[in-house]
Amino acid sequence: MKLSHFQFNLPEELLAEFPAENRDESRLMVIHRKTGLIEHKLFKDVLEYFNEGDVMVLNNTKVFPARLYGNKEKTGARIEVFLLRELNAEQRLWDVLVDPARKIRIGNKLYFGDDDSLVAEVIDNTTSRGRTLRFLYDGSYEEFRIKLTELGETPIPKYINREVTPEDAERYQTIYAKEEGAVAAPTAGLHFSKHLLKRLEIKGVDFAEVTLHVGLGTFNPVEVEDLSKHKMDSEEMIITQEACDIVNKAKVKKNKVCCVGTTSMRAMESSVSSQRTLNPYTGWTNKFIYPPYDFSIADAMITNFHTPKSTLLMMISAFCGHDLMKKAYAEAIEQKYKFYSYGDAMLIL
């Protein structure tokens, strides 16, 4: 498969600027891989496709307010600072992206907040836009983290061409988010409401939680025609023994295992034993799944509609089958499904 196989024309008006009014009432396209049947439902109808003993694998990462705006010393220029990851808690060192980057050099200081109570010094250049910052704050580590949260805003994707609203803090987060560390939401999970989770639970569906802290690399389009040359960014992940037990028990009993989102799928596929069971793992993954690929564990997946040339689309092609995926996407565009982070969902069975 080549990059050009993943190009399609996506009308701009299908990029979702806002989420559906109710989480579980976004649209749901259901694809049956065996027969090629495509159905059009609402997300809450997902209930019809799962039975007692089936397992849904959820990514419980939590998005933190990663986008800050500071002012450069002397000039007062407004600079966007996007927090990628904490490098050292004690020294308050962070890996960040800055914009506009050309103005930000080693030794520069940036001031945040109306009272300039938080200051950061640039101590290293990592990439063209990447910098290492040391934050200077008069207070304990806990107080410093509270300050960051206070000053930061929800990192909704750049394609959403509007100001962040207070609702984004709630809606760009799954209701089961627990482990803070993501700078982008695992978007397939955004469709689950408390009510829907409860109804699945009553039906006897089990949930296994994994953690994969979604990085900005999730938005990077692939730029090489030969997919095997593409390098994924590494992301931190955790799979507990408890999650493995739930998933492996379902596999033994021949129940369905459904990955909620490409991130849950990547996490699971990064930690499979030679017997095709799930192993516990704590570390990093840069796994890139593209066709042809033999999936070890999941029989089903829930995912959003992805953009052309994205690594996410390539995984869907590998799981769904390329021709069926193309047919489904053509139908989605024709039926005006909403795409991307706040868009509609697809269930592949």
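Given the structure is predicted, the values throughout are model-derived calculations rather than measurements.

**Digging into the overall build of the protein**
Phase 1 of the analysis: Along the backbone of the protein there are seven helices and 17 strands.
Phase 2 of the analysis: Here the C-alpha radius of gyration of the protein, 21 Å, is about what a compact globule of 349 residues would show, namely 20 Å.
Phase 3 of the analysis: Projecting the C-alpha coordinates of the protein onto the three principal axes gives extents of approximately 65 × 45 × 40 Å.
Phase 4 of the analysis: When the 349 residues of the protein are sorted by exposure, 53% land in the buried category.
Phase 5 of the analysis: By sequence separation, contacts in the protein at least 24 residues apart represent 70% of the contacts at least 6 residues apart.
Phase 6 of the analysis: Positive and negative side-chain charges of the protein, numbering 46 and 51 respectively, have mean locations separated by a distance of 4 Å.

**Some points on the nonpolar core**
Phase 1 of the analysis: Met-29, Val-57, Val-247, Met-268, Phe-339 and Met-346 are the most contacted members of the largest nonpolar core, which totals 65 residues.
Phase 2 of the analysis: In terms of residue count, the dominant contributor to this core is helix H6 (residues 311-320) (seven residues).
Phase 3 of the analysis: Apart from residues no more than four positions distant in its own chain, Met-346 is found in contact with Leu-28, Met-29, Ile-31, Met-301, Ile-302, Thr-303, Phe-305, Ile-316, Ala-328 and Tyr-329.
Phase 4 of the analysis: Grouped together as the second largest cluster of nonpolar side chains are 24 residues, Val-98, Leu-110, Phe-112 and Phe-144 included.

**So, the sheet that holds strand E9 (residues 118-125)**
Phase 1 of the analysis: Read once around its circumference, the closed barrel built from six strands follows the order E5-E6-E7-E10-E9-E8, with strand pairing classed as antiparallel. Averaged over neighbouring strand pairs, the angle between their axes works out to 45 degrees when direction is ignored.
Phase 2 of the analysis: For strand E6 (residues 78-88) and strand E7 (residues 93-99), the ladder comprises seven bridges, and the chain directions are antiparallel. Bridge pairing in E7 links Val-81 to Val-98.
Phase 3 of the analysis: Of the strands in this sheet, strand E5 (67-72), E6, E7, strand E8 (109-112), E9 and strand E10 (130-137) touch helix H1 (residues 141-151), which is tilted by about 120 degrees from E10.

**Here's the deal with the side chain of Arg-171**
Phase 1 of the analysis: In this fold, Arg-171 is placed in helix H2 (residues 166-171).
Phase 2 of the analysis: Despite its burial, Arg-171 pairs with no opposite charge, the nearest such side chain being Glu-170 at 5.5 Å.
Phase 3 of the analysis: Here the side chain of Arg-171 touches Ala-20 through a polar contact of 2.9 Å, landing on its backbone oxygen.
Phase 4 of the analysis: Discounting residues that sit within four places of it in the chain, Arg-171 has contacts with Pro-19, Ala-20, Glu-21, Asn-22, Arg-23, Leu-190 and Tyr-342.

**A word on the domain arrangement of the protein**
Phase 1 of the analysis: Taken domain by domain, the protein comprises domain 1 (3-63 + 169-348) and domain 2 (67-153).
Phase 2 of the analysis: Computed over C-alpha atoms, the centres of domain 1 and domain 2 are 33 Å apart.
Phase 3 of the analysis: At the boundary of domain 1 with domain 2, total buried surface from both sides reaches about 400 Å², with 61% on carbon and sulfur atoms.
Phase 4 of the analysis: Taken together, the connections running from domain 1 to domain 2 amount to one salt bridge.
Phase 5 of the analysis: Inspection of the domain 1/domain 2 interface yields two residue pairs in polar contact (both at pLDDT 80 or more).

**Considering the pairing of E9**
Phase 1 of the analysis: As judged from the four bridges shared by E8 and E9, these two strands associate in the antiparallel manner. Looking across to E9, one finds that Phe-112 is bridged to Leu-118.
Phase 2 of the analysis: Note: E9 against E10, seven bridges, orientation antiparallel. Among the inter-strand pairings, Val-119 is bridged to a residue of E10, identified as Leu-136.

Calculation rules
Residues numbered from 1 in each chain as written. Predicted model: local features only at pLDDT ≥ 70, side-chain atom pairs only at ≥ 80, totals over all residues. Heavy atoms only, no water. Helix = DSSP H or I, 4+ residues; strand = E, 2+ residues; numbered from the N terminus. Rg over C-alpha atoms; globule rule 2.2 N^0.38 Å. Buried < 20%, exposed > 50% of the residue type's maximum accessible area, 1.4 Å probe, protein only. Contact = heavy atoms within 4.5 Å. Lys, Arg positive; Asp, Glu negative; His and termini not counted. Charge placed at Lys NZ, Arg CZ, Asp CG, Glu CD. Core = buried A, V, L, I, M, F, W, Y, C linked by side-chain atoms within 4.5 Å. Pairing = 2+ DSSP bridges. Axes fitted to C-alpha atoms, helices over the stretch in contact; angles between N-to-C directions. Salt bridge = Lys/Arg side-chain N within 4 Å of Asp/Glu carboxyl O. Polar contact = N/O pair within 3.5 Å; in protein donor to acceptor, adjacent residues only side chain to side chain. Domains from an automatic or database assignment. Buried area = accessible area lost by both parts, 1.4 Å probe.

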